[in-house]
Amino acid sequence: MKNKIKIERAIHDFTQADLAEKIGVSRQTINAMEKNKYVPSTVLALKIAKLFGKPVEEIFFLDSDD
């Protein structure tokens, strides 16, 4: 699964630490998601989408390999 977390963070002027604090995870978790090394839970994906004011499918999407 791919995502646009880094792009959304830039639009909203959030650091990884800012985003992590707002959704209740570590900065390392945000880093791992941005590098596609960690697939978030449904709850975490929904929290991120809500924070950015976008549908989940605009932030997270399946790669051709998925």
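Residues numbered from 1 in each chain as written. Predicted model: local features only at pLDDT ≥ 70, side-chain atom pairs only at ≥ 80, totals over all residues. Heavy atoms only, no water.

Chemist: What exactly am I supposed to notice about the overall build of the protein here?
Modeler: Along the protein, the regular secondary structure elements total 5 helices and 2 strands. In the protein, the succession of helices and strands from N to C terminus is β-α-α-α-α-α-β. The C-alpha atoms of the protein give 11 Å as radius of gyration, which agrees with the globular expectation for 66 residues (11 Å, within 12%). Taking all 66 residues of the protein together, the buried fraction comes to 32%. When the accessible surface of the protein is split by element, carbon and sulfur atoms take 52% of a total near 4,400 Å². On the protein, the mean spot of the 11 positive side-chain charges and the mean spot of the 10 negative ones are 5 Å from each other. (Helix = DSSP H or I, 4+ residues; strand = E, 2+ residues; numbered from the N terminus. Rg over C-alpha atoms; globule rule 2.2 N^0.38 Å. Buried < 20%, exposed > 50% of the residue type's maximum accessible area, 1.4 Å probe, protein only. Areas by Shrake-Rupley, 256 points an atom, 1.4 Å probe, with all protein chains shown as cover. Lys, Arg positive; Asp, Glu negative; His and termini not counted. Charge placed at Lys NZ, Arg CZ, Asp CG, Glu CD.)

Chemist: Looking at this structure, I do not really get the UniProt feature "domain: HTH cro/C1-type" (unreviewed entry) in the protein. What am I missing?
Modeler: Look at the UniProt record and you will see "domain: HTH cro/C1-type" (unreviewed entry) annotated at residues 5-59. Taken end to end, residues 5-59 is 71% helix and 0% strand, and its first and last C-alpha atoms sit 6 Å apart. (UniProt positions renumbered as here; feature names shortened; annotations may be inferred.)

Chemist: Would you take a moment to explain helix 3 (residues 27-34) for this structure?
Modeler: Taken residue by residue, helix 3 has Thr29, Ile30, Met33 and Glu34 as its buried positions. Seen end-on, helix 3 carries its buried residues on one side only, within an arc spanning 135 degrees. For helix 3, the secondary structure elements touched by its buried residues are strand 1 (2-3), helix 1 (5-12), helix 2 (16-23) and helix 4 (42-52). Directly beyond the C-terminal end of helix 3, a positive phi value near 60 degrees is found at asparagine 36. (Arc of directions from axis to C-beta. Contact = heavy atoms within 4.5 Å.)

Chemist: Just checking my understanding: could you explain the pattern of salt bridges for this structure?
Modeler: For the coordinates displayed, the defined rule picks out 2 salt bridges. Between glutamate 8 and lysine 54 there is a salt bridge, with the nearest N and O atoms lying 2.8 Å from each other. One end of the pair, glutamate 8, is in helix 1; the other, lysine 54, is in the loop between helix 4 and helix 5 (56-59), and 46 residues separate them in sequence. A relative accessible area of 3% places glutamate 8 in the buried class. (Salt bridge = Lys/Arg side-chain N within 4 Å of Asp/Glu carboxyl O.)

Chemist: Please explain the nonpolar core as it appears in this structure.
Modeler: For soluble globular proteins, the rule of thumb is that nonpolar side chains tend to be buried together. Ile5, Ile48 and Ile59 are the most contacted members of the largest nonpolar core, which has 14 residues in total. The set of elements that each furnish at least two residues to this core consists of helix 2, helix 3 and helix 4. It is helix 4 that provides the largest number of residues to this core, a total of 5 residues. When neighbours within four sequence positions are excluded, isoleucine 5 is seen to be in contact with Leu19, Met33, Glu34, Ile48, Phe52, Ile59 and Phe60. (Core = buried A, V, L, I, M, F, W, Y, C linked by side-chain atoms within 4.5 Å.)

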